[in-house]
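In case you want the letters, here they are:
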Amino acid sequence: MVNERVMEKLGILADAAKYDVSCSSALSKRENKNKGLGNAKGYGICHAFTEDGRCVSLLKILLTNHCIFDCAYCVSRKSNDVKRAAFTVEEVVDLTIGFYRRNYIEGLFLSSGIFDNADYTMERLVRIAKKLRLEYNFNGYIHLKAIPGASDELLKEAGLYADRLSVNVEMPTEQSLKLLAPDKNHVDVINPMKYLKNEIIGYKEERKSNYKAPLFAPAGQSTQMVIGATQESDLEILGMADYFYQQMNMKRVYYSGYVPISYDNRLPVIGTPVPMIRENRLYQADWLVRYYGFNVNEIVGFNQPNLDLDIDPKLGWALRNLNQFPVDINTADLELIKRIPGIGYLSATKIVAARKFKKIMPHDLQKMGIAYSRAKYFLAFATPFQIQRDLTSIQIKDHILNSQKSKYKNDFSNQLALF
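Residues numbered from 1 in each chain as written. Predicted model: local features only at pLDDT ≥ 70, side-chain atom pairs only at ≥ 80, totals over all residues. Heavy atoms only, no water.

Going by an unreviewed UniProt entry, the chain carries the name Putative DNA modification/repair radical SAM protein and comes from Flavobacterium chungangense. Annotation of the chain in UniProt includes, under Cofactor (unreviewed entry), the sentence "[4Fe-4S] cluster". (UniProt positions renumbered as here; feature names shortened; annotations may be inferred.)

Following this line, the structure appears as structure tokens:
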């Protein structure tokens with residue numbers, strides 16, 4: 001039974017953790033062994049969606065919201081007048097095991113404020129993961145924050161017990177970090193990223209020749225940027241994300257719309273809407289770069305440094321490049337079909353596979369679940385399915401916007417409670 005004091009801590013530290021969105025168990029393949037607890041193979045956690053559409057959860061908490069830093073954008077900053085709490089190592093372990101046995105969670109996402117220094121905090125995070133793995137034989141998913149400034153030895157030990165590690169870059173540029181968190185710098189963030197990248201690669205290579213070699217952060221590493229707290233353009237944000245993907249082998253970059261929590265004049269005033277639509281557009285653009293073959297400079301550029309908020313980035317690119325349309329999906333290659341608005345990654349592969357057996361027509365696309373009302377403006381078919389080709393980009397945009405209703409609103413949804 002969880003005692004009253006621990007429940008009070010849980011309320012404080014779960015609420016403080018809701019601003020960290022960089023949690024996903026994708027690609028972890030830790031299997032249950034020796035009749036242990038849990039199984040992270042193929043599962044996602046923390047109200048994340050898996051590839052087959054399931055929504056799963058985790059215990060998402062801070063070890064403590066005490067912090068030696070005074071980052072203006074952070075609710076746990078040392079100057080903020082909030083109720084403070086800290087778990088012991090044993091309390092986090094007991095909560096994780098207890099909630100897992102009750103089927104509340106499928107893993108643990110553990111971050112923390114900084115107690116006295118980076119090593120002191122990181123050592124406790126590692127002890128929790130190690131205790132779960134070795135003493136309780138817990139094989140569920142564990143995501144740990146890698147604390148900037150912690151020693152390589154602690155980061156290495158963390159990677160041996162956690163499925164994923166993340167070092168939050170926090171601000172998209174060094175200038176913004178210096179403005180809002182003058183005690184921090186990007187070097188302290190980039191260095192552990194480089195170390196983790198090299199260790200992940202090294203352990204993967206070792207397992208090719210020795211299958212008994214230990215796993216090291218099998219789900220890779222991720223990071224998070226706060227957007228909307230400062231004036232960076234989407235070009236700067238996506239450029240930084242692309243750097244992480246290309247140079248750090250990052251699995252995911254997460255974008256967190258800034259929630260106004262401070263009267264600091266360096267930040268948007270309290271009451272300013274959370275930039276949820278912009279956050280969503282950044283995720284869409286991120287997806288285009290990672291899975292659709294787009295270059296960042298095709299999506300945003302110096303002439304248009306910010307994404308359109310009223311249309312998605314793929315549609316925006318298509319409207320700026322009407323010279324590449326209409327496309328005959330019966331002859332076009334897969335890469336070009338993936339760029340057609342309304343046709344997703346999997347749908348494009350279905351089209352290429354299906355056209356080996358018959359000529360694809362509009363009704364075939366509709367049966368595949370493609371957003372034909374959007375895609376039709378960019379497709380070419382033989383008569384009688386020929387469409388108007390003399391529409392301007394503005395006309396096409398108006399037609400599409402008038403035929404759809406956005407599900408995104410300028411509101412903020414709180415993290416779901418565990419109970």
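Draft legend 1. Fine view of the side chain of Asp163. Position of Asp163 among the secondary structure elements: in the loop between helix 4 (152–161) and strand 6 (164–166). Residue classification places Asp163 among the buried positions, given a relative accessible area of 0%. In terms of polar contacts, Asp163 uses its side chain to reach the side chain of Arg133, at 2.7 Å. (Helix = DSSP H or I, 4+ residues; strand = E, 2+ residues; numbered from the N terminus. Buried < 20%, exposed > 50% of the residue type's maximum accessible area, 1.4 Å probe, protein only. Polar contact = N/O pair within 3.5 Å; in protein donor to acceptor, adjacent residues only side chain to side chain.)

Draft legend 2. Structural context of unusual backbone geometry. In this model, Phe325 is joined to Pro326 through a cis peptide bond whose omega is 0°. Topologically, Pro326 is positioned in the loop between helix 10 (313–320) and helix 11 (334–337). At Glu170, a position not held by glycine, the phi torsion is positive, near 70°. Mapped onto the fold, Glu170 is located in the loop between strand 6 and helix 5 (174–180). Judged by relative accessible area, which is 19%, Glu170 ranks as buried. Its identity is not glycine, yet Asn249 carries a phi of approximately 55°, on the positive side. Within the secondary structure, Asn249 sits in the loop between helix 7 (234–247) and strand 8 (252–257). Assessed through its relative accessible area of 41%, Asn249 is described here as partly exposed.

Draft legend 3. Examining the pattern of salt bridges more closely. Counted by the stated rule, this structure contains 18 salt bridges. Asp364 serves as the salt-bridge partner of Lys358, at 3.0 Å between the closest nitrogen and oxygen. By relative accessible area, which is 41% here, Lys358 ends up partly exposed. One continuous salt-bridge network, built from bridges that share partners, spans Arg5, Glu8 and Lys83. (Salt bridge = Lys/Arg side-chain N within 4 Å of Asp/Glu carboxyl O.)

Draft legend 4. Local environment of helix 12 (residues 345–354). Listed as buried for helix 12 are Ser347, Ala348 and Ile351. Along the long axis of helix 12, the arc covered by the buried residues comes to 105°, so they all point the same way. Residues of helix 12 that are buried make contact with helix 11 and helix 13 (362–367). (Arc of directions from axis to C-beta. Contact = heavy atoms within 4.5 Å.)

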